[in-house]
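Listed below are the residues making up each chain.
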Amino acid sequence: MRAEVDGVTVTLAEGASLLMAVRAAGVDLPTLCHDDRLTPAGSCRMCLVRAGDSVVAACVTPATEGIRVETADAEVRALRRDAAELIVSALPPRALEGDGELAQACHALGITAEAASGDDRRGRDDTHPYVRLDRDLCIACGRCVRMCSEVQGTFALTLVGRGADTVVAPGTGGPWATSDCVACGGCVDTCPTGALTEPGLPIGTRRSQLTRTRTTCGYCGVGCSLDVLARDGEVAAIVPDRQGPVNRGHACVKGRFAHGFLRAKDRLTQPLLRRDGHLEPVSWAEALDHIARGLRRAVAEGGPEAVAAISSARSTNEENYLLQKFMRVVIGSNNIDNCSRLCHSPSAAGLTAAFGLPGGTDTFDDVDAADCLLVVGANPIDAHPVAGARLLQRVLHGARLVVADPREVGLARHADVHLRPRPGTNVALFHGLAHVLLAEGLADEEFLARRATGLAELTALLADYPPERVEAITGVPAGDLVAAARVYGRAERPAIFHGLGVTEHLHGTDGVRTLANLAILRGAVGTGRGLGVSPLRGQNNVQGASDMGALPDVLPGYQRVTDPDVRARAAAVWGIPVPERTGLRIPEMFAAAREGRLRALWVVGEDVCATDPDATQVAAAVDACPLVVCSELFLSETARRADVVLPAASWLEKDGTFVNFDRRFQRVRPAVDPPGQARSDFAAVHAVAAALGADLGCRTPAEALAESGRVAPMFAGLSHGRLDREGAIPWPCPDPDAPGQARLYREGFATPDGRARLSATPYLPPGESPDEDYPLILITGRRWAHYNSGSMTRRTANLRIDADESIDVHPADAARSGLRGGDAAVVESRHGRARLAVRISEEVTPGQVFCAFHFPSGVNTLTSDHCDIVTSCPEYKVTAVRLRAAGGPEPAG
């Protein structure tokens, strides 16, 4: 479609508005009620243009073939100025300070502060730590309300009052701090006048005078692109990148606001060395000398296998690559692992077994076309808020939703069918769904015959999983199971998203494989007729840490260390033979330390004594190891037990790349310098290698990524330069002149025979079950305001939003235990005990309780050492516990 704007012909897509035509012609037209992310409103009249014989608002007027548009017509310019002057007349003069949208529009129209004759009479609301409301600057454009509903999906805001007194307010009434606001910052980002601001960017701020750095969020695995605004070497604010490929101009409370930890008083700024039982500040030279002597001693006493390292999902790809290279080249051991072991290692194993590669099958971009979402064992509204908001918007726009989760949280409240299986019964649930798909003819027979194997074996197994038997195992009513299978089975473009509620089980890999069965049965993977299976990764670079070979059994690119050809390729790049013996997994490292076989352990960016299961035994392992080195931002529980603590740079202070949950490489750039003597993990690994007399090469992160592509062909097409030019690129990307593969398996699966593999694995019970002594099942997970152990978010104003850990208890269970909301309760398992405040909630079912692990409450002293039989991923989701009031009598025996 063609249109003419001020004599310039432009080509437009169908459905384009006149505002799009004007912009395509290069004309800057002011708007106050418009935001490209939102439904047009046309209320401010600032974008008036002449279209043919009519004067219309460009934002709400569709373009038509051959339409002629005039923006510089004297009449429409006068009308736009009149509209602006009318708006400004009700505002105080300070409304035109700074370089916000209103101030810029008025400047372009020649309107000065003298036109602003309003006064300060409606007051402020400064109760919220991140969102400040100045009612006297509100023009009732409604952008904040639409942002909250159309992008975030929280529906927390409304407009109140009449006429000139109309103003935004929380929908619940009362102060902002007690409202339903989830502090995504969307309302602040879209406000054109400064009525809604944040502490770092008050009214009058000239953003053009701040240093702007584009980077990728260092919290969850969604991979939001962010712009960091710095002033005098400190972060003033972080705002979402409007062109962010995943977040599309949106963010959450963590990535948007939780950067205050950078300036925390207890931030580590110099190395610490244990002397006479106490950690004391030392120079880097002294710390490195101690580490080098300890590593040499460990190798001399126990060989290379006496040394291990735990890399970090918070580190960049380049840092993970360098640390695994250090272990293999300098130490001579494959004893390298990362925290994906504790979360999504079953996803990697299960997806590899089913399809051939250890990543999600499709791009999140395609969720906009999905007509059915099956969300399993995940609460993305809390744990992945930006992805959760996009999934919710898809549901609000008509997609069917099936949620399988024991708790009624997040998306479950919007589900067409909510399945609430007993924890630990996922495999039976998925078999039940598959049974219905086959029984009701909802499988894609042609796809199964041509592109899958194992159907006969699976069909025979599924005969034992009719809905009635599945109900007996899972507690899910047979009717709900059938309804869910029909919703998924009748969809034209179904998508599966799963989280740790699938993986963190004794049979987590079986859970992923049997979940993948559903996509295979429907032909919804590798065909374009669905979005396959996507794991919602929990940490910013948990995908990338594994991609880069920070695992004991694979080199970069998931190449088996036991394969002689793989080792030969790496040896040719590194110039030294690669050890062929598979290394220790994290639980095996701890066992080896307790047994005296592990003599040195380097823990990078992980608080294993707080976040790993059966934490009492983890602490015993750390205490038993002769040399423990910890790279950290703060003195964590693990760092307190270490022999050497190295001060680390945060994600806002380093250079490199992350990989998000749908396999996109994205750039990470330093916005500020690390404090004091803190160094990036990249620099620290180089320093330790140099102290041992070794040279790792890869002088820069860019060189490290390039080298990883020589070791792993699937990354050969990636480079910092290309990412800087093109933006996010997914793997596999073997060719620098070709795009990465966002959608996998279109030509065939990456299995030996090129076919997807169905799994006929029977259901087996979890590692723990409730009994008379421990009658409740504890599920652990995340809450929206905090992240993992909370070491970063607890040092920000997020603590004002969520100040302490609590345990969610159903009213019936609370009554039986004599507990009320807010009471302190002792939670005991077969492994340990913790003290938590009680939160009465019907989000959990009777017989189940839930808590997170964001505070030093000892939650992981409760969890067991049961782990996935394939990958050693801990069974965090099933722990038998009991409750009693703190101070009450202890149970007999």
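Preceding block: the structure.
Quick look at the structure, then. (Residues numbered from 1 in each chain as written. Predicted model: local features only at pLDDT ≥ 70, side-chain atom pairs only at ≥ 80, totals over all residues. Heavy atoms only, no water.)

### Examining the overall build of the chain
For step 1, the next point in the chain: The helix and strand tally for the chain stands at 29 helices and 38 strands.
For step 2, the next point in the chain: Taken over the C-alpha trace, the chain has a radius of gyration of 28 Å; the compact-globule value for 893 residues is 29 Å, and the two agree within 12%.
For step 3, the next point in the chain: Counting only C-alpha atoms, the chain reaches 85 × 70 × 65 Å along its principal axes.
For step 4, the next point in the chain: Residues classed as buried in the chain amount to 63% of the 893 residues present.
For step 5, the next point in the chain: The contacts in the chain between residues at least 6 apart in sequence include a share of 71% that link residues at least 24 apart. (Helix = DSSP H or I, 4+ residues; strand = E, 2+ residues; numbered from the N terminus. Rg over C-alpha atoms; globule rule 2.2 N^0.38 Å. Buried < 20%, exposed > 50% of the residue type's maximum accessible area, 1.4 Å probe, protein only. Contact = heavy atoms within 4.5 Å.)

### Here's the deal with the sheet that holds strand β20 (residues 417–419)
What holds strands together in a sheet is hydrogen bonding between their backbones, with the strands either parallel or antiparallel.
For step 1, the next point in the chain: An order of β20-β19-β18-β22-β23 is seen for the 5 strands of this open sheet, with the pairing classed as parallel. The sheet terminates laterally at β20 and β23 (533–535), the two strands that pair on one side only. Strand-to-strand twist in this sheet, taken as the mean axis angle between neighbours without regard to direction, amounts to 15 degrees.
For step 2, the next point in the chain: Sheet topology note: the strand β19 (residues 400–404)/β20 ladder contains 3 bridges and is parallel. Pairing of Val403 across the sheet is with His418, part of β20. (Pairing = 2+ DSSP bridges. Axes fitted to C-alpha atoms, helices over the stretch in contact; angles between N-to-C directions.)

### Some details on the pairing of strand β14 (residues 272–275)
For step 1, the next point in the chain: Sheet topology note: the β14/strand β15 (residues 278–281) ladder contains 4 bridges and is antiparallel. Across the sheet, the residue bridging to Arg274 is Leu279, located in β15.
For step 2, the next point in the chain: Linkage of β14 to β15, two consecutive antiparallel strands, is achieved through a turn of 2 residues, within which Asp276 is found at a positive phi near 50 degrees.
For step 3, the next point in the chain: The pairing of β14 with strand β28 (residues 644–647) spans 2 bridges and is antiparallel. Following the sheet pairing, Leu273 is matched in β28 by Val644.

### Quick notes on unusual backbone geometry
For step 1, the next point in the chain: Along the chain, Trp731 connects to Pro732 via a cis peptide bond; the corresponding omega equals 0 degrees.
For step 2, the next point in the chain: Positionally, Pro732 belongs in the loop between β31 (729–730) and β32 (756–757).
For step 3, the next point in the chain: Despite not being glycine, Arg45 has its phi angle at roughly 65 degrees, a positive value.
For step 4, the next point in the chain: Position of Arg45 relative to the elements: it lies in the loop between α1 (18–24) and β3 (48–51).

### A look at the sheet that holds strand β38 (residues 879–885)
For step 1, the next point in the chain: Reading around the barrel, the 6 strands line up as β33-β37-β34-β36-β35-β38 and close back on themselves, with mixed pairing between neighbours. Averaged over all neighbouring strand pairs, the angle between strand axes comes to 45 degrees, with direction disregarded.

### Quick look at the nonpolar core
For step 1, the next point in the chain: Within the largest apolar cluster, 113 residues are counted, with the highest numbers of intra-cluster contacts made by Phe326, Phe355 and Trp602.
For step 2, the next point in the chain: In terms of residues, this core owes the most to one element, helix α12 (residues 426–439), which gives 8 residues.
For step 3, the next point in the chain: Setting aside chain neighbours within four positions, we find Phe326 in contact with Leu295, Ile331, Trp602, Val685, Val688, Ala689, Leu692 and Leu696.
For step 4, the next point in the chain: In this structure, Val222, Val246, Ala412 and Trp651 belong to the second largest nonpolar core, which totals 48 residues. (Core = buried A, V, L, I, M, F, W, Y, C linked by side-chain atoms within 4.5 Å.)

### Some points on the side chain of Ser708
For step 1, the next point in the chain: With respect to the secondary-structure elements, Ser708 resides in helix α26 (residues 701–711).
For step 2, the next point in the chain: Given a relative accessible area of 0%, Ser708 falls into the buried group.
For step 3, the next point in the chain: Setting aside chain neighbours within four positions, we find Ser708 in contact with Tyr321, Met548 and Phe715.

### Overview of the pairing of strand β29 (residues 656–659)
For step 1, the next point in the chain: Burial along β29 is two-sided: Gly656 and Phe658 and Thr657 and Val659, pointing in opposite directions, are all buried.
For step 2, the next point in the chain: Strand direction decides the pairing type here: β29 and strand β30 (residues 664–668), joined by 4 bridges, are antiparallel. In the sheet register, Thr657 faces β30, and the bridge partner there is Arg667.
For step 3, the next point in the chain: Two successive antiparallel strands, β29 and β30, enclose a turn made up of 4 residues, where Arg663 displays a positive phi of approximately 75 degrees.

### Let's talk about the pattern of salt bridges
Any two side chains of opposite charge can pair, so long as their charged atoms come close to each other.
For step 1, the next point in the chain: Summed over the entire model, instances satisfying the criterion amount to 66 salt bridges.
For step 2, the next point in the chain: Overlapping salt bridges, with partners in common, bring together Arg413, Arg783, Glu805, Asp808, Arg839 and Glu843 in one network. (Salt bridge = Lys/Arg side-chain N within 4 Å of Asp/Glu carboxyl O.)

### Let's talk about the environment of Gly508
For step 1, the next point in the chain: Within the secondary structure, Gly508 is located in helix α18 (residues 508–521).
For step 2, the next point in the chain: On the accessibility criterion, Gly508 (0% relative accessible area) is buried.
For step 3, the next point in the chain: The sequence separation of Gly508 and Pro766 amounts to 258 residues, and the corresponding C-alpha distance is 9.8 Å.
For step 4, the next point in the chain: Each residue touching Gly508, except ones within four places of it in the same chain, is listed here: Pro346, Val502, Thr503 and Asp868.

### What about the environment of Val645?
For step 1, the next point in the chain: You can see Val645 is positioned in strand β28.
For step 2, the next point in the chain: Relative accessible area serves as the criterion here: at 1%, Val645 is assigned to the buried category.
For step 3, the next point in the chain: Residues Val645 and Pro281 lie 364 residues apart in sequence; the distance between their C-alpha atoms is 9.3 Å.
For step 4, the next point in the chain: What Val645 contacts, discounting residues up to four positions off in sequence, is Leu268, Gln270, Pro271, Leu272, Leu279, Cys630, Leu635 and Ala639.

### Regarding the state of the cysteines
For step 1, the next point in the chain: In this structure the tally under the stated criterion is 0 disulfides.
For step 2, the next point in the chain: The thiol of Cys733 is not disulfide-bonded; the next cysteine sulfur, from Cys698, is found 19 Å away.
For step 3, the next point in the chain: By relative accessible area, which is 0% here, Cys733 ends up buried.
For step 4, the next point in the chain: Looking at Cys851, it has no disulfide partner, and the nearest cysteine sulfur is the one in Cys873, 17 Å off. (Disulfide = S-S within 2.5 Å.)

### Regarding the packing of aromatic side chains
For step 1, the next point in the chain: Tallied over the full model, the rule gives 14 aromatic pairs.
For step 2, the next point in the chain: Here Phe355 and Phe749 contribute two aromatic rings whose centre-to-centre distance is 5.8 Å and whose plane-to-plane angle is 25 degrees, an arrangement assigned as stacked. Taken together, the positions of Phe355 in helix α9 (residues 345–355) and Phe749 in the loop between β31 and β32 put the pair 394 residues apart, joining distant regions of the chain.
For step 3, the next point in the chain: With a relative accessible area of 0%, Phe355 lands in the buried category.
For step 4, the next point in the chain: Pairwise contacts between aromatic rings join Phe355, Phe447, Tyr745 and Phe749 into one cluster.
For step 5, the next point in the chain: In this arrangement the basic side chain of Arg407 is found over the ring face of Phe850, its NZ or CZ atom lying 3.5 Å from the centre.
For step 6, the next point in the chain: The ring of Tyr465 is capped by Arg469, whose NZ or CZ atom sits 4.9 Å from the centre of that ring. (Phe/Tyr/Trp six-rings, centres within 6.5 Å; stacked < 30°, edge-to-face > 60°. Lys NZ or Arg CZ within 6 Å of the ring centre and 35° of its normal.)

### Some details on α18
For step 1, the next point in the chain: Over its 14 residues, α18 runs 20 Å from end to end, which matches the ideal 20 Å to within 8%, given 1.5 Å per residue.
For step 2, the next point in the chain: For α18, the tally of buried residues reaches 14 of 14 residues, placing the bulk of the element in the interior.
For step 3, the next point in the chain: Looking at the residues trailing α18, positive phi occurs at Gly523, about 65 degrees. (Expected span 1.5 Å × (residues − 1).)

### Some words on the packing of helix α7 (residues 284–302) against helix α25 (residues 681–691)
For step 1, the next point in the chain: For the pair α7 and α25, interaxial distance at closest approach is 9 Å and the crossing angle is 60 degrees. It follows from the interaxial angle that α7 and α25 lie oblique. Here the hand of the crossing between α7 and α25 comes out right-handed. Packed against α7, whose contacting residues are Trp284, Leu288, Ile291, Ala292, Leu295 and Arg296, the element α25 presents Ala684, Ala687, Val688 and Ala691 at the interface.
For step 2, the next point in the chain: Per-class residue counts for the contact of α7 with α25 are 9 nonpolar, no polar and 1 charged. (Parallel < 35°, antiparallel > 145°, perpendicular 65-115°, else oblique. Left-handed = near helix turned anticlockwise from the far one by under 90°. Nonpolar A, V, L, I, M, F, W, Y, C, P; charged D, E, K, R; others polar.)

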